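# Tertiary structure, described
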Amino acid sequence: MEISTTAPARTVAAVLAETWLAATHLAEVGVRLPAERPEQVLAGSELPVRIGPFGVRGVLRCERADERGIVLRVSGFGWRATVSVSVGEGVVRAVGWRAERFGAAWLRAVVARAERLGDAPTVVGAAIIADGAVLAAQRSYPPALAGRWEFPGGRVEPGETEEQAIVRECQEELGATVRATGRVGPDLILPSGWVLRIHAALLVDGQRPDALEHHALRWVRQSELDELDWLDADRAVLPALRALL
């Protein structure tokens, strides 16, 4: 199963990881996810499912979810099924379990949403790396998000490039000058419908960041990444970030 698209590959990959969209089309082929579920499917994550007309218990496991695509495995009651979706520039392909039915409907919905998101406002985050660790910032507001961790950043203003927005936001939030060095991970879709893009960055001239707008800052090594209560969107970039650390 193959569909052409004008949407950027990273945006398509981000939509593939949206749990609600996958759940909608899985339900059409008899696999139902729980109502309470994460916003995004992460590599290595597992979700309970009910399979078939009698609601047999099973598990949906995400074998891979990154800018190259996604691999989902459904297992339960003595059987296994896998669907793999690969993303390239201008094309999306699905192979495996019910690719001609589940895959076709899902991919059409994914491509349509990814193309609509082409005009969505963009938010950038800075994964600032130094001495084998990445800087995490603890939210102080709003109350619903206070205490959780994120990468510093903010909205790209009209006329700015993403790299310029990274520099400006880090100066405003951290009082430090950084240099963006490249994208990390796929596009990430926020509940607001905005698109979040994470860039790796380096501090310039040995500057030290301060928590001007956050409750706290923390340098986090690879082995400590899972210790923090990350915002859902920021957590989705951790597999790609591990490779940089």
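Preceding this section is the structure that the text describes.
Below, the discussion takes up the overall build of the chain. Counting secondary structure elements, the chain contains six helices and 14 strands. For 245 residues, the compact-globule estimate of 2.2 N^0.38 gives 18 Å, and the C-alpha radius of gyration of the chain, at 19 Å, lies within 12% of that figure. If one aligns the C-alpha atoms of the chain with their principal axes, the spans along those axes are about 60 × 35 × 30 Å. The 245 residues of the chain split such that 49% are buried. Put simply, of all contacts in the chain between residues at least 6 apart along the chain, 58% involve residues at least 24 apart. By element, 50% of the accessible surface of the chain is carried by carbon and sulfur atoms, the whole surface being about 11,600 Å².

Here the focus is the pairing of strand β8 (residues 122-130). Sheet faces and side chains relate simply in a regular strand, where the side chains alternate between the two faces. Counting buried residues along β8, eight of its nine residues qualify, which places the element largely inside the surrounding structure. Pairing of β8 with strand β13 (residues 195-203), which is carried by seven bridges, proceeds in the parallel orientation. Paired with V123 across the bridge in β13 is L196. Relative to strand β11 (residues 153-155), β8 runs antiparallel, the two being bridged by three bridges. When the sheet's bridge partners are listed, V124 is paired in β11 with G154. Inspection of the sheet shows β8 paired to strand β9 (residues 133-138) by two bridges, in the antiparallel sense. Along β9, the bridge assignment pairs A130 with A133. Between the antiparallel neighbours β8 and β9 lie two residues, among them D131 with a positive phi of about 55°.

Each value, and the rule that gives it
- Residues numbered from 1 in each chain as written.
- Predicted model: local features only at pLDDT ≥ 70, side-chain atom pairs only at ≥ 80, totals over all residues.
- Heavy atoms only, no water.
- Helix = DSSP H or I, 4+ residues; strand = E, 2+ residues; numbered from the N terminus.
- Rg over C-alpha atoms; globule rule 2.2 N^0.38 Å.
- Buried < 20%, exposed > 50% of the residue type's maximum accessible area, 1.4 Å probe, protein only.
- Contact = heavy atoms within 4.5 Å.
- Areas by Shrake-Rupley, 256 points an atom, 1.4 Å probe, with all protein chains shown as cover.
- Pairing = 2+ DSSP bridges.

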